[in-house]
Amino acid sequence: MVEDIRIPVKVGGVTFKNPFYVASGPTTKNVRQLQRIEETGWAAASIKLSIDPAPYINRKPRYGLFDETNALAFTAEKRLTFQEGLTLIEDAKKVLSDLILMANITYAGDRGAAGWVNMAKQFEAVGADIIELNMCCPNMSYNVSLSSGGAASTSQQTGASLGRQAGVVAEIVRAIKKEIHIPLFVKLTPEGGEVAQVAAALYAAGADAVGSTGNRLGLPPIDLNDPGRAVYHLQDEISMSCYCGSWLKPLAQRDAYEIRKVCGMEPKMMAAGGITDWRSAVEMVLCGGNLLGVCAETLISGYDIVRPMIRGLKDYMDTHGYRSIDDFCGKVVSAVRTAPELTLHDGYAHIREPNLAGPCKAACPHHVPVQAYVQSIARGDFHHAYELITGKGVLQGACAYICPHPCEDACVRGRTGRPVAIKALKRFVLELGRAEGWQPTAAQAVQNGRRAAVIGSGPAGLACADELRKAGYAVTIFEQAAALGGGLNDAVAAGQLPAENLKALLETIAGSGVELRCGVQADPQRLLEDGFAGVCTAVGRTGVNPWAALPGGEGVRSVLDMAREQSLCGTAAVIGPPQAAADGARCALHMGAAAAVVIPTGTMPEKKAALLRGEGITVLNGYKPAALEDGALILSGPAGSRVSLPCGSVWSAQSEEVRLAAGDGVFTAGGANIIAAAASGYNAAVRLDQWVMGEKAVLKPSPRPVPVAAEQVLKRAGYVGDSPDAPVIASKEQAIAEAGRCLNCGCGEGCQLCKTICTDFAPLVTGPDQLAIDRTQCVACGMCYNRCPNKNIEMLPIK
């Protein structure tokens, strides 16, 4: 049973059980509609406009909902004849219980006020509770006048055309009031302005309530390829349209405010336009409305919207201690101030969280400014993208090939479709830079006179050495093996990293002034004794076999040894952490294995498993090795099941870091993959620099990004989905198109919306993917505060 909430409003001697009525329109044209209106809890309904003589504009409407303006619009309107209106009231009264019926009428004949009086008296005779004069419809003679270019085009002034003539309408009101015994309402038009002045004349003439409609005439969206063609269904020509809906709310509220300001708080007022929920209803009461008319929203959302409106209004009143609508009606009117009277506080915009980032950057262990360089690509600024990428160290060229791309795994676009191809975009930019002869422009500190040693020339060691060199140290790398590169050589052997890429990387390191010493087994403490100010140990990883205890487990080999094989045959089974095992499976296929199967020790995400299946790799989630016997790996599965997997070789992707003992002046670095190694190498360099130089240290820890909420990004992006097909990025145009798919999740240099729109140029890029707002230039207008997609800007007063 529907809760019967009463919020009574008395107007002209008639008590409405609540302030909500369905305004005259296409949802009040027949008895069944009026019954539904009563069933759902509305207090009243104003029937579809009845015109005498027969309506001269009477065509079935064509509706349009336009998202860009949040508007409902229509081009024509089907009205009731005088007799149809009378019959509707008479028939409805026979079946309705307590719904108040308002007869919305227009006289369009030659008898003047007498014609209006005749209509009002006859509607009163058949049972109408209220007469409502339609002095508002903009799509009647007013529409014809505007569309044809002049008022002379229509002989009969009705609707909005008539409603702007205060003297004529006041005469009609006086004439009707003398002849009827029920309340008389008048609905006015805001077209042409001065609605408050017209209302004042009608109150003086005896109208029981006056109000304005929100409707405005306007042009619908224009087809740019065929400007004369209608955007409406089943209509050929473009036409002036009657606009209504939620976009009208501020204009309708202004009408209510103006009428109250001019006419005072005593008269009763209807208010309509843009009311869609209880909040907009409360706002309209605060602006001066006693009765609240809703039309467009019933067409968009149905009659049931009134129930939460009534409940919400009642809750609001109870919360604020209001016993009736009169207690807060027009409360805004006295509070509104003119521009010269406003109290404005000096202040400035401030970024709340300077490290708010896209999930892509937050997921990257090295916090490469992913969004920033992707957005630069989208803008066609490839050189800036190159600078942002190479600014994160010497390993980025190799990362473009062998990074496990956790950034793509975290990409919000990938939640509902295919993630942005970040790794492929990085590779394209770096290859473009090499072809164009671009060089990294990372800052180079002056020499500080200190020497630093790095033990190990794998990715962590190379990253550490590169950062220490840029910080002003004389750096020497000690490598035990005969060749430089450590684990990067395995990636080359496995076909994952081009040999020329590693060669260029090592040449860059050597050419930068780093001393390289191979075939040397260095001791950290001895190096410190020999005058090195600090030492970083980055001696890489060693394979382990956690399956040795299983029956036949001694036959499981480390994937670190796989690249040293001449070739593989049969099926290669790879056991280990999901990402490491996936990399091992890819390497096995490159080495000639007929097939590759991954048995992840943790659950492989379905999206990643699907990608691997696309590469010809099988993923067995939920299985564990039980034994290795007779050329088959025995697996235990769900519910105690056992599977025999024939295979030519079994590999473990489990590994562990080899770390030399650290002490004062000795720092360690290493990582499970190249991007983790790059981050670890950088952090080791930071610690070493701070140990040696103290407050004069050049290197600083990378700020930890705070990821934006992916769900909020998806909401504002409309939950975008698309094809899972991998893109081809072989041209600038293809790169720009792919980068353009980025949802621009986070703050910083990638978004830059605040910087783009500020006409006082207060937001500044202060570093790679870092933005700040210069408070000395900020005028505190609030545009950046309002536009920031992540609500990461606040307005602060100057104290």
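Since the model is a prediction, treat every value here as computed from it, not as a measurement.

Parameters and conventions
Residues numbered from 1 in each chain as written. Predicted model: local features only at pLDDT ≥ 70, side-chain atom pairs only at ≥ 80, totals over all residues. Heavy atoms only, no water. Helix = DSSP H or I, 4+ residues; strand = E, 2+ residues; numbered from the N terminus. Rg over C-alpha atoms; globule rule 2.2 N^0.38 Å. Buried < 20%, exposed > 50% of the residue type's maximum accessible area, 1.4 Å probe, protein only. Contact = heavy atoms within 4.5 Å. Areas by Shrake-Rupley, 256 points an atom, 1.4 Å probe, with all protein chains shown as cover. Pairing = 2+ DSSP bridges. 1 Å grid on protein atoms, 1.4 Å probe; cavity = no way out; pocket = protein on both sides within 12 Å on 5 of 7 lines; lining within 4 Å. Points joined across faces, edges and corners; volume = space filled by probe spheres on them. Nonpolar A, V, L, I, M, F, W, Y, C, P; charged D, E, K, R; others polar. Phe/Tyr/Trp six-rings, centres within 6.5 Å; stacked < 30°, edge-to-face > 60°. Lys NZ or Arg CZ within 6 Å of the ring centre and 35° of its normal. Domains from an automatic or database assignment. Core = buried A, V, L, I, M, F, W, Y, C linked by side-chain atoms within 4.5 Å. Axes fitted to C-alpha atoms, helices over the stretch in contact; angles between N-to-C directions. Left-handed = near helix turned anticlockwise from the far one by under 90°. Salt bridge = Lys/Arg side-chain N within 4 Å of Asp/Glu carboxyl O. Disulfide = S-S within 2.5 Å.

Asker: What exactly am I supposed to notice about the overall build of the chain here?
Answerer: A count of helices and strands for the chain gives 28 helices and 37 strands. Relative to its length of 799 residues, the chain is extended, with a C-alpha radius of gyration of 38 Å against a globular reference of 28 Å. The principal-axis extent of the C-alpha atoms belonging to the chain is close to 115 × 65 × 55 Å. Within the chain, the fraction of its 799 residues that count as buried is 52%. Across the chain, contacts joining residues at least 24 apart in sequence account for 69% of those joining residues at least 6 apart. Of the accessible surface of the chain, which amounts to about 35400 Å², a share of 52% is contributed by carbon and sulfur atoms.

Asker: Any chance you could explain the pairing of strand β35 (residues 763-767) here in plain terms?
Answerer: Inspection of the sheet shows β35 paired to strand β36 (residues 770-773) by four bridges, in the antiparallel sense. Bridged to Val-765 within β36 is Leu-771. The loop that links β35 with its antiparallel partner β36 comprises two residues; one of these, Asp-769, has a positive phi angle of about 60 degrees.

Asker: Explain the layout of surface pockets to me, please; I cannot follow it from the model alone.
Answerer: Over the atoms rolls a probe the size of a water molecule, and in doing so it shows where empty space is left. Taken as a whole, the second largest pocket encloses approximately 900 Å³ of empty space. Looking at the lining of the second largest pocket, the elements with two or more residues in it are β18 (356-357), α14 (382-390) and α18 (459-470). The element best represented in the lining of the second largest pocket is α14, accounting for four residues. Broken down by class, the residue content of the lining of the second largest pocket amounts to 17 nonpolar, 12 polar and seven charged.

Asker: How should I be thinking about the environment of Ala-166 in this particular structure?
Answerer: Within the fold, Ala-166 resides in helix α6 (residues 166-177). Measuring from C-alpha to C-alpha, the distance between Ala-166 and Ala-200 comes to 8.9 Å, with 34 residues separating the pair along the chain. Setting aside its immediate chain neighbours within four residues, Ala-166 contacts Val-198, Ala-201 and Leu-202.

Asker: Help me out: how do you make sense of the packing of aromatic side chains in this one?
Answerer: All told, the structure shown has 11 aromatic pairs when counted by the stated rule. Ring plane angle 65 degrees and centroid distance 5.5 Å describe the contact between Tyr-386 and Trp-438, whose orientation is recorded as edge-to-face. Remark: Trp-438 occurs in the loop between α17 (422-436) and β19 (451-455) and Tyr-386 occurs in helix α14; sequence separation between them is 52 residues. Taking 5.9 Å as the distance between ring centres and 80 degrees as the angle between the ring planes, the aromatic pair formed by Phe-478 and Phe-532 counts as edge-to-face. Taken together, the residues Phe-478 in strand β20 (residues 474-479) and Phe-532 in the loop between α21 (524-529) and β22 (534-537) connect sequence positions 54 residues apart. Comparing Phe-478 with Phe-532 shows no difference in burial state: the two are buried. Taking NZ or CZ as reference, Lys-392 lies 6.0 Å from the ring centre of Tyr-682, over its face. Cation over ring: Arg-775 sits above Tyr-348, and NZ or CZ is 4.0 Å from the ring centre.

Asker: When you look at the domain arrangement of the chain in this model, what are you seeing that I'm missing?
Answerer: You'll often see interface size given as the accessible area lost when the parts meet. Each domain of the chain was delimited in the assignment, giving domain 1 (9-146 + 155-327), domain 2 (380-542 + 657-706) and domain 3 (543-654). Computed over C-alpha atoms, the centres of domain 1 and domain 2 are 71 Å apart.

Asker: Whenever I open this one, the nonpolar core confuses me. Can you help?
Answerer: Across soluble globular proteins, you tend to see nonpolar side chains buried next to one another. Phe-16, Leu-34, Phe-123, Ile-131, Leu-133, Leu-202 and Phe-328 are the most contacted members of the largest nonpolar core, which has 93 residues in total. Examining the composition of this core, we find that seven residues originate from one element, helix α7 (residues 195-205), more than from any other. Apart from the residues lying within four places of it in its own chain, the contact partners of Phe-123 are Ile-47, Ser-50, Phe-82, Gly-85, Leu-86, Ile-89, Ala-103, Ile-105, Ala-128 and Ile-131. The next biggest cluster of nonpolar side chains, apart from the first, holds 74 residues, and it includes Tyr-373, Cys-403, Phe-428 and Ala-471.

Asker: Is there a simple way to explain unusual backbone geometry in this structure?
Answerer: Cis geometry marks the peptide bond from Asp-52 to Pro-53, where omega comes out at -10 degrees. Considering the arrangement of structural elements, one finds Pro-53 in the loop between β5 (50-52) and β6 (63-66). A positive phi is found at Ala-780, a non-glycine position, where the angle reads about 65 degrees. Note on placement: Ala-780 falls in the loop between β36 and α28 (783-787). Given the relative accessible area of 26%, Ala-780 is considered partly exposed. In this structure, Lys-791 is a non-glycine residue whose phi angle is positive, near 50 degrees.

Asker: Sorry, what's going on with the packing of α17 against helix α26 (residues 732-739) here?
Answerer: When two helices pack together, you describe them by how their axes are tilted relative to each other and by the distance separating the axes. At a minimum axis distance of 11 Å, the contact between α17 and α26 shows a crossing angle of 145 degrees. Of the two possible hands of crossing, α17 and α26 adopt the one that is left-handed. Where α17 abuts α26, its residues Leu-425, Phe-428 and Leu-432 lie against Lys-732, Ala-735, Glu-738 and Ala-739. Residue composition of the contact of α17 with α26, grouped by class: five nonpolar, no polar and two charged.

Asker: Hey, could you run me through the sheet that holds β6 in this one?
Answerer: Strand pairs in the sheet, formed through backbone hydrogen bonds, run parallel or antiparallel to each other. An order of β6-β7-β14-β13 is seen for the four strands of this open sheet, with the pairing classed as antiparallel. Across the chains shown, the open sheet's two edge strands, defined by having one partner strand only, are β6 and β13 (216-218). Strand-to-strand, the axes of this sheet are offset by a mean angle of 35 degrees, without reference to chain direction.

Asker: Can you help me understand empty space enclosed by the protein in this one?
Answerer: Enumeration over the complete set of coordinates arrives at eight cavities of 30 Å³ or more. In this model, the largest cavity occupies a volume close to 430 Å³. Along its surface, the largest cavity is lined by 36 residues, and Ser-24, Thr-213, Asn-215, Cys-295 and Ala-296 are the ones closest to its centre. Taken together, the residues of the lining of the largest cavity sort by class into 17 nonpolar, 14 polar and five charged.

Asker: Looking at this structure, I do not really get the pattern of salt bridges. What am I missing?
Answerer: Between side chains of opposite charge, pairing is possible as soon as their charged atoms come close. Overall, the coordinates contain 31 salt bridges when judged by the stated rule. Between Asp-91 and Lys-94 there is a salt bridge, and its shortest N-O distance comes to 4.0 Å. Of this pair, Asp-91 and Lys-94 both sit in helix α2 (residues 82-95), three residues apart, roughly one helical turn. A salt bridge links Asp-129 to Lys-93; the shortest N-O distance between them is 2.7 Å. Of this pair, Asp-129 sits in the loop between α3 (113-125) and β10 (130-135) while Lys-93 sits in helix α2, and the two are 36 residues apart along the sequence. We classify Lys-93 as partly exposed; its relative accessible area is 29%. Within the structure, one salt-bridge network assembled from shared partners comprises Arg-32, Arg-36, Glu-39, Asp-304 and Arg-307.

Asker: Would you mind going over the pairing of strand β31 (residues 649-652) with me for this structure?
Answerer: Remember that side chains alternate between the two faces of the sheet whenever the strand is regular. Across the two faces of β31 the burial is the same, with Ser-649 and Trp-651 and Val-650 and Ser-652 all buried. Here strand β24 (residues 557-558) runs beside β31; their pairing, made up of two bridges, is parallel. The partner of Ser-558 across the bridge, within β31, is Ser-652. Sheet analysis places strand β25 (residues 571-576) next to β31, joined by four bridges and oriented parallel. Bridge pairing in β31 links Val-574 to Trp-651.

Asker: Is there a simple way to think about the state of the cysteines in this case?
Answerer: Covalent bonding between the sulfur atoms of two cysteines defines a disulfide. According to the stated counting rule, one finds zero disulfides in the structure shown. With no disulfide partner, Cys-364 has as its closest neighbouring cysteine sulfur the one in Cys-407, 6.5 Å distant. Summary of cysteine pairing: Cys-399 is not part of a disulfide, and the nearest cysteine sulfur, belonging to Cys-403, is at 5.0 Å. Cys-399 sits in the buried class, given a relative accessible area of 1%.

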